[in-house]
Structures are given as C-alpha cells and as structure tokens.
Amino acid sequence: MPVDMNGYWKMISNENFEEYMKALDVNVAIRKIAIFLKPDKDIVHDGDHLVIKTLSTFKNYNMDFYVGKEFEEDLSGVDDRKCTTTVNWEGDKLVCVQKGEIEGRGWTQWVEGDELHLELRAKGAVCKQVFKKT
C-alpha cells in the first residue's frame, strides 16, 4: 500500500535548486528570487487522487492528478511550458515523468518518518528538497 502523503510540509533544505532552474531555462531574475524562497507543500492524498500545492510568497503552483493517468500539465507557475505528465507509484515513491521540451524532466517524491523528500530532475540537473511535516 502506498504511503500517506497528506499534510502540510515546510521546507528544511533545497540543494542544487539554481542548477535545476538553469536546466529549465528560467530567466536569471526569477532564479535570483526563487533561490531565497522556502516554499511549503500542502498535500491532499485520497487514494489515487493527489492535490499538491506548492506555496510561497512569490508564486504558488497547484498540481491535481490521478496516479497512473496521463494528463496535460500547465507549468505556467514554474517555467511557462506545457508537458504531458504521468505519475506512478514505484514502491512507496511517487515517480513523475514530464514529456515535453525539456529532456529528462520529472520528479520523485517519498516520505521518510516526518520528512517529505522531493528529487527534481531536468537535463541531467538534480535538485534535492526536504520538507518537515508540521
């Protein structure tokens, strides 16, 4: 049975985020602001349906999806692209593949104790974020 990801999570670490944003071709002005942000995650997880809200003082992003069902994702809150996205369980980890302009784009998310781990990938760049449940 997949792990329960419900809850409000506060960022405690954000490793290699600027390199990840460079791989997404995010402009330098946005990158300089974003590296100082510590976004929170608000996750509602009900069976195969997840709503993941990324909340910050600069921009918010909502991802609403069903595990195993491909959907068109509008990333206007991130890098102003659209991609075809699929999220699946691999053991206790959620693995996302985002097909579009950026090669190797996606993420993996899992829970260890009271921490939510998120690994973001694009063009070989890897960002590792950790959030603590509140």
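See the structure shown above.
Calculation notes
Residues numbered from 1 in each chain as written. Predicted model: local features only at pLDDT ≥ 70, side-chain atom pairs only at ≥ 80, totals over all residues. Heavy atoms only, no water. Helix = DSSP H or I, 4+ residues; strand = E, 2+ residues; numbered from the N terminus. Buried < 20%, exposed > 50% of the residue type's maximum accessible area, 1.4 Å probe, protein only. Pairing = 2+ DSSP bridges. Core = buried A, V, L, I, M, F, W, Y, C linked by side-chain atoms within 4.5 Å. Contact = heavy atoms within 4.5 Å.

## Quick notes on the environment of Gly113
Stage number 1. Mapping Gly113 onto the fold places it in the loop between β8 (106-112) and β9 (115-122).
Stage number 2. With relative accessibility at 71%, the residue Gly113 sits in the exposed group.

## Concerning the pairing of strand β7 (residues 93-99)
The two faces of the sheet receive side chains in turn, since in a regular strand these alternate between them.
Stage number 1. Relative to β7, strand β6 (residues 82-90) is paired through 7 bridges, and the arrangement is antiparallel. Paired with Thr86 across the strands is Val97, a residue of β7.
Stage number 2. Once β6 ends, the chain turns through 2 residues before running back antiparallel as β7, passing Gly91 with a positive phi of about 65 degrees.
Stage number 3. Two strands pair when backbone bridges link them, and β7 and β8 are joined in this way by 4 bridges, in the antiparallel orientation. Note on β8: the bridge partner recorded for Leu94 is Gln109.
Stage number 4. Hairpin connection from β7 to β8: 6 residues lie between these consecutive antiparallel strands, with Gly104 at a positive phi of about 65 degrees.

## Considering the nonpolar core
Stage number 1. Within the largest apolar cluster, 34 residues are counted, with the highest numbers of intra-cluster contacts made by Met63, Phe65, Leu94 and Trp107.
Stage number 2. Contacts of Leu94, omitting those with residues within four sequence positions, involve Met5, Leu50, Phe65, Val67, Val87, Asn88, Trp89, Trp107, Thr108 and Gln109.

## A word on unusual backbone geometry
Stage number 1. Of note in this structure, Asn16 is not a glycine but carries a positive phi near 70 degrees.
Stage number 2. Along the chain, Asn16 falls in the loop between β1 (7-15) and α1 (17-23).
Stage number 3. Under the relative-accessibility criterion, Asn16 is labelled partly exposed at 34%.
Stage number 4. Backbone geometry places Lys123, a non-glycine residue, at a positive phi of 50 degrees.

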